[in-house]
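One-letter residues, chain by chain:
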Amino acid sequence: MNIGFIGFGTMGAPMAGHLLQAGHALHVWSRRAAGADFLVERGARRCAAPAEVAAASEIVCTNVTASDDVEGLAAQLVEALAPGAMHVDFSTIAPSAARRIAALYAERGVEFVDAPVSGGSAGARNATLSIMWGGKSALAPRLEPLFSVLGKTIVRVGEVGAGQVAKACNQMVMVAAIEACAEAARLAEAAGVDFALVRQAMLGGSAGSRVLDAFGGRMAARDFTPGVEARLHHKDYALLMDEASRIGAPLPVSAAVWQQLNALMANGWGSRDTSALLPVLEAAARQ
């Protein structure tokens, strides 16, 4: 297929590379031109603007940071996308933003799919992402050649916006588990017990999880080099807490985790891994 791609960060860059390797013709644009150089060197066509990407593509993929970023791109893409074309957004944005974009495109006969992903940079590199998408069920056959080269778990959750709700639920559970690991590490430390050994024992028990393995491992090693920068989880939590407030869903545990993420950001640690929730607890203990 002729596929457009915009957004070449930690997740987007390997995803675009997989699509190119799978044989799709790739049309790319990057706010920083150098960000797409590695794809152009492998045969992708560089475009001068988002509208040029849209004009050349039957499906345009975006993977950027915030709701405003995606809506800003949509305002440019909609002018050039042909009726029947599709915009697939892999970003994590507000469900309401996804629905606004879909309404904008519907006026032009263009389809929109919100398809946030989970699995981190390793999942993006290894093409093992979980893709949770919202959109018309009839679009599944067109999406399969795209999604199948990017992920292993592909679930249509519902109509447009449902993918973002699923991603909010994913982030809620995952970051709460990271905070739980941090609190376990802090308790072990305060009790004079080696958390590395505690974690080793826990991994073989009912608390064993991917979060304890990956994020707990970083805590045990005191290595806060980011897999995903904590500022992005903070952004995701802002979205889910706003959505919960809008629809009146009580989230008491998430509210507490949200405060810990706020403290992490206040300490200037947004560029660290989210396992830096442990130093947040340690700083509080010293006060």
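Please refer to the structure higher up on the page.
Conventions adopted
- Throughout, residues of each chain are indexed from 1 in the direction in which the sequence is written.
- Totals for whole chains, interfaces and linings use all residues, but because this is a predicted model, local features are given only for residues with pLDDT of at least 70 and pairs of side-chain atoms are given and counted only at 80 or more.
- Neither water nor hydrogens contribute to the side-chain values; these are computed over all heavy atoms in the structure.
- What we call a nonpolar core is a set of buried Ala, Val, Leu, Ile, Met, Phe, Trp, Tyr and Cys residues that are connected through their side-chain atoms within 4.5 Å.
- Note on exposure labels: buried denotes an accessible area under 20% of the residue type's maximum, exposed denotes more than 50%, and partly exposed covers the range between, all computed with a 1.4 Å probe on protein chains only.
- The secondary structure listing takes helices from DSSP runs of H or I that are at least 4 residues long and strands from runs of E that are at least 2 residues long, numbered from the N terminus.
- For two strands to pair, DSSP has to find at least two bridges joining them.
- The handedness of a crossover follows from its direction of travel: if, with the strands pointing away from the viewer, the path from the first strand over the helix to the second runs clockwise, the crossover is right-handed.
- A contact between two residues is defined here by any heavy atoms of the two lying within 4.5 Å.
- Within 6.5 Å between ring centres, the rings of Phe, Tyr and Trp (the latter by its six-membered ring) count as paired, and their orientation is classed by plane angle as stacked under 30 degrees, edge-to-face over 60, tilted in between.
- Criterion for a charge above a ring: Arg CZ or Lys NZ at most 6 Å from the ring centre, at most 35 degrees from the ring normal.
- Fitted lines through C-alpha atoms give the axes, limited to the stretch in contact for helices. The angle between two N-to-C directions lies from 0 to 180 degrees.
- An angle counts as roughly parallel when it lies under 35 degrees, as roughly antiparallel when it exceeds 145, as roughly perpendicular when it falls between 65 and 115, and as oblique in every other case.
- If you view the pair so one helix is near and one far, a crossing is left-handed when the near helix is turned anticlockwise from the far one by less than a right angle, and right-handed when it is turned clockwise.

Novice: Help me understand the nonpolar core in this model?
Specialist: Side chains of nonpolar character tend, in soluble globular proteins, to be buried together. In terms of nonpolar packing, the biggest core is built from 31 residues, with Phe5, Leu26, Val88, Phe90 and Leu146 touching the most fellow members. At the level of secondary structure, the elements contributing two or more residues to this core comprise β1 (2-6), α1 (12-21), β2 (25-29), β4 (59-62), β5 (86-89), β8 (129-134) and α7 (140-147). Per element, the largest residue contribution to this core is five residues, and it comes from α1. Ala185, Ala230, Met241 and Val280 belong to the second-largest nonpolar core, a separate cluster that totals 29 residues.

Novice: Before we go on, may I ask you to explain the pairing of β2 in this structure?
Specialist: In summary, the side chains of a regular strand alternate between the two faces of the sheet. Here β2 lies mainly inside the structure; four of its five residues are buried. Inspection of the sheet shows β1 paired to β2 by five bridges, in the parallel sense. Its bridge partner lying in β2, Asn2 is registered against Ala25. Viewed along the sheet, the connection from β1 through α1 into β2 turns out right-handed. As defined by bridge partners, β2 adjoins strand β3 (residues 45-46) across two bridges and the pair is classed as parallel. Across the sheet, Val28 pairs through a bridge with Arg46, a residue of β3.

Novice: Explain helix α13 (residues 277-286) here, please?
Specialist: Owing to its 3.6 residues per turn, the α-helix aligns residues three or four sequence positions apart on the same side. For α13, the buried fraction is high: seven of the 10 residues fall into the buried class. Of all the positions in α13, only Leu277, Leu278, Pro279, Val280, Leu281, Glu282 and Ala283 are classed as buried. Here the buried face of α13 lies against α8 (162-190), α10 (210-221) and α12 (252-266).

Novice: Explain the packing of aromatic side chains here, please?
Specialist: Two descriptors summarise a pair of aromatic rings, namely the distance from one centre to the other and the angle between the planes of the rings. Counted according to the given criterion, the structure contains five aromatic pairs. Centre to centre, the rings of Tyr105 and Phe112 are 6.1 Å apart; their planes meet at 35 degrees, and the pair counts as tilted. For the residue pair Tyr105 and Phe112, the accessibility class agrees, reading buried in each case. On the numbers, 6.2 Å between centres and 55 degrees between planes, the contact of Trp133 with Phe147 is tilted. With Trp133 in strand β8 and Phe147 in helix α7, this residue pair connects regions lying 14 residues apart in the sequence. Assessed through its relative accessible area of 2%, Phe147 is described here as buried. One Lys or Arg, Arg156, reaches over the ring of Trp133 and ends 6.0 Å from the middle of that ring. Across from the ring centre of Phe215, 5.2 Å away, lies the NZ or CZ of Arg218, which sits over that ring.

Novice: Whenever I open this one, the environment of Gly119 confuses me. Can you help?
Specialist: By secondary structure assignment, the location of Gly119 is in the loop between β7 (117-118) and α6 (120-126). Taking relative accessible area as the criterion, Gly119 reaches 30% and is therefore assigned partly exposed. Residues Gly119 and Met1 lie 118 residues apart in sequence; the distance between their C-alpha atoms is 25 Å.

Novice: When you look at the pairing of β4 in this model, what are you seeing that I'm missing?
Specialist: What you see with β4 is no split at all: Ile59 and Cys61 on one side and Val60 and Thr62 on the other are buried throughout. The sheet contact formed by β1 and β4 spans four bridges and is parallel. In the strand pairing of β4, Ile6 is matched with Thr62. Looking at chain direction, β4 and β5 are connected through four bridges and run parallel. Residue pairing for β5: Thr62 is matched across the bridge by Asp89. Note on the crossover from β4 through helix α4 (residues 67-77) to β5: the handedness is right-handed.

Novice: Looking at this structure, I do not really get the packing of α8 against helix α11 (residues 230-247). What am I missing?
Specialist: In a pair of packed helices, the angle between the axes and the distance between the axes together describe the arrangement. Running from N to C, α8 and α11 cross one another at 125 degrees; their axes reach a closest spacing of 10 Å. Taken as axis vectors, α8 and α11 run oblique relative to one another. Crossing geometry of α8 relative to α11 is assigned as left-handed. Counted together, Ala168, Gln171, Met172, Met174, Val175, Ala176 and Ile178 of α8 and His233, Asp236, Tyr237 and Leu240 of α11 form the full contact between these two elements.

Novice: I'm lost on the side chain of Thr62 in this one. Help?
Specialist: If you trace the backbone, Thr62 turns up in strand β4. Look at Thr62 and you get buried, because its relative accessible area is 0%. If we ignore the near neighbours within four places in the chain, the residues touching Thr62 are Ile6, Leu73, His87, Val88, Asp89, Phe90 and Ser91.

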